[in-house]
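Reading the structure
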Amino acid sequence: MIEDIRGAASGFGVRWTVLCGLGLAGGLAVGLGLAAPVEAIVGMMLVTPVILALAGSMFGAAQWLALGRNPRFGASWVATSGIGLGIGMTIGIVLVEMVGQALTGEPMRLQALDMLGRLGGLTFIGAFAGLGVGAAQWLTLRPAAPMARRWIVLCVAGFGAGLPAGSLAAELVGGLQSPVGFAAFLGVAGLTLGVFTARGGAAIAAGLAPRRAD
């Protein structure tokens, strides 16, 4: 019995981590690829939150698959994931740019910073992205999975570690400007996030599982 439980937990962890990696990488890739047409529709001011919301929705859909495609919360999980990432990461980006401009006296671009500065900025942006996603998802699932109270903290840690980890991986294969480096950034960021949040995801899945009658 114990071996079966451990095997199920291990299987969920692998599935969750892989789908988080694919969801975040695919969502950000698609969102960034649609930046130009989205900007033409909504304008420059809204393009960032809109493409990030699209990326967050795809990321949430991948997580929903890992959770067993529970029909009660599928639509709300996907929608709130998009809203949370769109708001959280946008706020993080804006704050990093504002702080950078206040310190240097000129507009700041994250890619123009040295490695330490870029890692610090990505950690900050990732933490706000995780705060937005975690809070939105937790509010959605709170009635059904109250045991997942640490979910926000896990998301902040996962995104906060995932983005700089992805940046480090990109530096090893040509940098963010190269296709291979950008792919490494997306993949490593998503997988790192998945590892950090796997146990919390398992707790949520357990809370959503139908109860067996005695």
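Provided above is the structure to which this section pertains.
This section reports on the structure supplied with the text.

Right, let's talk about the overall build of the protein for a bit. Helix and strand counts for the protein stand at seven helices and zero strands. Order of helices (α) and strands (β) in the protein, N terminus to C terminus: α-α-α-α-α-α-α. Counting the 214 residues in the protein, one finds 43% classified as buried. Partitioning the contacts of the protein with sequence separation of at least 6, the portion at a separation of at least 24 is 73%.

Vacant regions in the atomic arrangement are exposed by a probe of water-molecule size rolled over the atoms. Space inside the second largest pocket adds up to approximately 200 Å³. Along the walls of the second largest pocket sit Met44, Met45, Val47, Thr48, Pro49, Thr90, Ile93, Val94 and Glu97, which together make up its complete lining. At the level of elements, helix H3 (44-66) and helix H4 (74-104) are the ones that each hand at least two residues to the lining of the second largest pocket. Of all the elements, H3 adds the most residues to the lining of the second largest pocket, at five residues. The residue makeup of the lining of the second largest pocket, split by class, is six nonpolar, two polar and one charged.

The interhelical angle for the contact between H4 and helix H5 (residues 115-141), taken along N-to-C directions, is 150 degrees, at an axis separation of 7 Å. With respect to H5, the element H4 is oriented roughly antiparallel. As H4 runs across H5, the sense of the crossing is right-handed. Of the residues contributing to the contact of H4 with H5, the split by class is 14 nonpolar, 10 polar and no charged.

Throughout the structure, instances matching the rule amount to six aromatic pairs. Centroid distance Trp77 to Trp151: 6.4 Å. Interplanar angle 45 degrees. Geometry classified as tilted. Placement of Trp77 in helix H4 and of Trp151 in helix H6 (residues 151-172) is noted, with a sequence separation of 74 residues between them. By the burial criterion, Trp77 is buried, and Trp151 matches it.

Rules of the game
- Residues numbered from 1 in each chain as written.
- Predicted model: local features only at pLDDT ≥ 70, side-chain atom pairs only at ≥ 80, totals over all residues.
- Heavy atoms only, no water.
- Helix = DSSP H or I, 4+ residues; strand = E, 2+ residues; numbered from the N terminus.
- Buried < 20%, exposed > 50% of the residue type's maximum accessible area, 1.4 Å probe, protein only.
- Contact = heavy atoms within 4.5 Å.
- 1 Å grid on protein atoms, 1.4 Å probe; cavity = no way out; pocket = protein on both sides within 12 Å on 5 of 7 lines; lining within 4 Å.
- Points joined across faces, edges and corners; volume = space filled by probe spheres on them.
- Nonpolar A, V, L, I, M, F, W, Y, C, P; charged D, E, K, R; others polar.
- Axes fitted to C-alpha atoms, helices over the stretch in contact; angles between N-to-C directions.
- Parallel < 35°, antiparallel > 145°, perpendicular 65-115°, else oblique.
- Left-handed = near helix turned anticlockwise from the far one by under 90°.
- Phe/Tyr/Trp six-rings, centres within 6.5 Å; stacked < 30°, edge-to-face > 60°.

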